[in-house]
Amino acid sequence: MQKTLFAAIVGRPNTGKSTLLNAILGQKVAIVSSKPQTTRTRITGILTKEETQFVFLDTPGIHRPQDKLGSYMVKEANGAIGDVDAVLLVVQSGDRVGEVEKSIMKKVDEDTPLILVINKTDISNAAQIAETIVRFSAEREFSAVVPISAKNNEGVEFIIEELDKYACESPWFFPDDIVTDQPERAIAAEIIREKMLRLLAEEIPHGVAVVIEAFEETSKIIKIRAEIFCERDSHKPIIIGKHGDMLKKIGTMAREDLEKILGIKVFLDLWVKVKENWREQNAAIANFGFKDEN
Ligand SMILES: Nc1nc2c(ncn2[C@@H]2O[C@H](COP(=O)(O)OP(=O)(O)OP(=O)(O)O)[C@@H](O)[C@H]2O)c(=O)[nH]1
Ligand SMILES: [Mg+2]
């Protein structure tokens, strides 16, 4: 008998939602960075285990939006809450209950299982975990509270065990051997953005969008041409770097990751362009793939 369960992974930026998704799947499908607001759109991860297919929606961290892209991101996250059978609220061990968590707890209706996931236990202690449980439990009843370290893959299996209780009889939505519904082009664009988040200072990567212009696959190699759009003239030379060093570094790191993920040799051709203040323009946001489907 096939069973299915849809679960949304939500919380503030930077709590480790995407790291958790990757840990659940045992494979990288969502990019991760130490900077908040890494994830910009919903990312589907699929885990098929025995009879159950778990479909996870990783979402952008919920924050007070500063621009139109931010509004899109928050809408994506909030929208996911209403579309699923269960919700994982990811907080960090030691956290207090903030506005974001309060708004999420309010949005999840009483019939939907809500699991409190307390992440980053590897950098906290038992007292902090206990305090976090007390603080959050005072606000709302959870179907389960699961302390984990997504980074070290500890405790993650308890989330799956808990979610399995709520899976309903239903044919699977995806073949049992796929882990994400993201096209390879989208993964390539995200990996390039991840390297920029890692290598460049705060404001620059947050204003970057990556568009895959060409993706040509032969039996031996994938040739990818990507355009990196930054939002100011002054950012372009920084992304390119002295003698093109920075762009080369971004390209090398992205290529190495993509070769691992796609399992084939990759040739990456990167171009940097400027699209002034695109994060404030609905048309540009939509062109860069952030389309409002609700
Ligand atoms: N020590 C520790 N760090 C973690 C853990 N999980 C995630 N991190 C780190 O926390 C940072 C944020 O991780 P992400 O997975 O990108 O967080 P996110 O919640 O998806 O962030 P947004 O997409 O911006 O909302 C990264 O530097 C991760 O390496 C953990 O269990 N322990
Ligand atoms: Mg994320």
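Here the residue numbers are simple positions, counted from 1 along each chain's written sequence. As a convention, the first chain written is A and the first ligand written is 1, with the rest following in written order. Two thresholds apply to this predicted model, a pLDDT of at least 70 for residue-level local features and 80 or more for giving and counting side-chain atom pairs, whereas whole-chain, interface and lining totals are computed over all residues. No hydrogens and no water enter the side-chain calculation; it runs on all heavy atoms of the structure.

### Here we look at the packing of helix α1 (residues 17-25) against helix α5 (residues 156-164)
Part 1: Geometry is summarised by axes, namely lines fitted to C-alpha atoms with helices restricted to the contacting stretch, and by angles between N-to-C directions that run from 0 to 180 degrees. In DSSP terms, a helix is any run of H or I states spanning at least four residues, a strand is any run of E spanning at least two, and both are numbered starting from the N terminus. In contact at an axis separation of 10 Å, α1 and α5 are set at 80° when each is read in the N-to-C sense. Accordingly, the angle class assigned to the pair α1 and α5 is roughly perpendicular. Two secondary-structure elements touch here, α1 through Leu20, Ala23 and Ile24 and α5 through Val156, Ile159 and Ile160.
Part 2: For the contact of α1 with α5, the per-class residue count stands at 6 nonpolar, no polar and no charged. Put simply, angles under 35 degrees are roughly parallel, angles over 145 are roughly antiparallel, angles from 65 to 115 are roughly perpendicular, and the rest are oblique. A contact between two residues is defined here by any heavy atoms of the two lying within 4.5 Å. Classification convention: Asp, Glu, Lys, Arg as charged; Ala, Val, Leu, Ile, Met, Phe, Trp, Tyr, Cys, Pro as nonpolar; all other residues, Gly among them, as polar.

### Digging into the pairing of strand β3 (residues 52-58)
Part 1: Three labels apply to residues, based on accessible area from a 1.4 Å probe with only protein chains included: buried if under 20% of the type maximum, exposed if over 50%, partly exposed otherwise in between. In terms of residue burial, β3 counts as a mostly covered element, since 7 of its 7 residues are buried.
Part 2: The two faces of β3 match: Thr52, Phe54, Phe56 and Asp58 on one face and Gln53, Val55 and Leu57 on the other face are all buried.
Part 3: A pair of strands is treated as paired once DSSP finds two or more bridges between them. For strand β1 (residues 3-10) and β3, the ladder comprises 7 bridges, and the chain directions are parallel. Along β3, the bridge assignment pairs Ala7 with Phe56.
Part 4: Summarising the sheet, strand β2 (residues 43-49) and β3 pair through 7 bridges and their orientation is antiparallel. The residue bridging Gly45 from the neighbouring strand is Phe56, located in β3.

### What about the environment of Ala188?
Part 1: Looking at the secondary structure, you find Ala188 in helix α6 (residues 184-199).
Part 2: In this structure the C-alpha to C-alpha distance between Ala188 and Ala214, which are 26 residues apart in sequence, comes to 11 Å.
Part 3: Aside from chain neighbours lying at most four places away, what touches Ala188 is Ile212, Phe215, Ile224 and Leu258.

### Digging into the site of ligand 1
Part 1: In this text, near means that some heavy atom of the residue lies within 4 Å of the molecule or strand in question. The full set close to ligand 1 counts 22 residues, and Lys17, Thr19, Gln37, Thr38 and Asp122 are the nearest of them.
Part 2: Definition of a polar contact: a pair of N or O atoms within 3.5 Å, with one able to donate and the other able to accept a hydrogen when the atoms are protein atoms, and with sequence-neighbouring residues admitted only if both atoms are side-chain atoms. Thr19 has a polar side-chain atom sitting 2.5 Å from an oxygen atom of ligand 1.
Part 3: Here an oxygen atom of ligand 1 and a backbone polar atom of Ser33 are 3.3 Å apart.
Part 4: Here the Shrake-Rupley method, with its probe set to 1.4 Å, supplies the accessible areas, and only the displayed protein chains count as covering residues. Notes on ligand 1: free accessible area 660 Å², of which the protein chains cover 92%.
Part 5: If you map ligand 1 onto the pockets, it falls in the second largest pocket.
Part 6: Here the shell around ligand 1 takes 3 residues from α1, the largest share from any one element.
Part 7: Looking at side-chain class alone, the shell around ligand 1 contains 5 nonpolar, 13 polar and 4 charged residues. Here a cavity denotes a set of grid points, spaced 1 Å apart and computed over the protein atoms alone, in which a 1.4 Å probe fits but from which it cannot get out, and a pocket denotes an open set meeting protein on both sides within 12 Å along at least five of seven lines; residues with an atom within 4 Å of a point are reported as lining. A molecule is said to be in a cavity or pocket once over half of its atoms fall within 2 Å of that pocket's grid points.

### Digging into the packing of aromatic side chains
Part 1: Here the aromatic set is Phe, Tyr and Trp, taking the six-membered ring for Trp, and pairing holds for ring centres within 6.5 Å; pairs whose planes are under 30 degrees apart are stacked, those over 60 apart are edge-to-face, and all others are tilted. All told, the structure shown has 5 aromatic pairs when counted by the stated rule.
Part 2: On the numbers, 5.2 Å between centres and 90° between planes, the contact of Phe6 with Phe173 is edge-to-face. On the criterion of sequence distance, the pair formed by Phe6 in strand β1 and Phe173 in the loop between β7 (168-169) and α6 is long-range, its members being 167 residues apart.
Part 3: The exposure class assigned to Phe173 is exposed, which follows from its relative accessible area of 53%.
Part 4: For the pair Trp278 and Phe288, a centre-to-centre distance of 5.1 Å together with 80° between the ring planes defines the contact as edge-to-face. Taken together, the positions of Trp278 in the loop between β10 (265-274) and α10 (282-287) and Phe288 in the segment after α10 put the pair 10 residues apart, joining distant regions of the chain. One exposure class covers both Trp278 and Phe288, and it is buried.
Part 5: By way of ring pairs, the aromatic residues Phe229, Trp278 and Phe288 are connected into one cluster.

### As for the sheet that holds strand β9 (residues 221-230)
Part 1: The 3 strands lie next to each other as β8-β9-β10, forming an open sheet whose pairing is mixed. Looking along the sheet, the strands with just one partner apiece sit at the ends: β8 (209-217) and β10. Strand after strand, the sheet turns through a mean of 20° between neighbouring axes, direction not considered.
Part 2: Note: β9 against β10, 10 bridges, orientation parallel.

### With respect to the environment of Lys49
Part 1: On the secondary structure map, Lys49 appears in strand β2.
Part 2: Judged by relative accessible area, Lys49 falls into the partly exposed class, the value being 44%.
Part 3: Here the alpha-carbon distance between Lys49 and Asp176, two residues 127 residues apart in the chain, equals 8.6 Å.
Part 4: Those residues in contact with Lys49 that lie beyond four places of it in its chain are Phe54 and Ile160.

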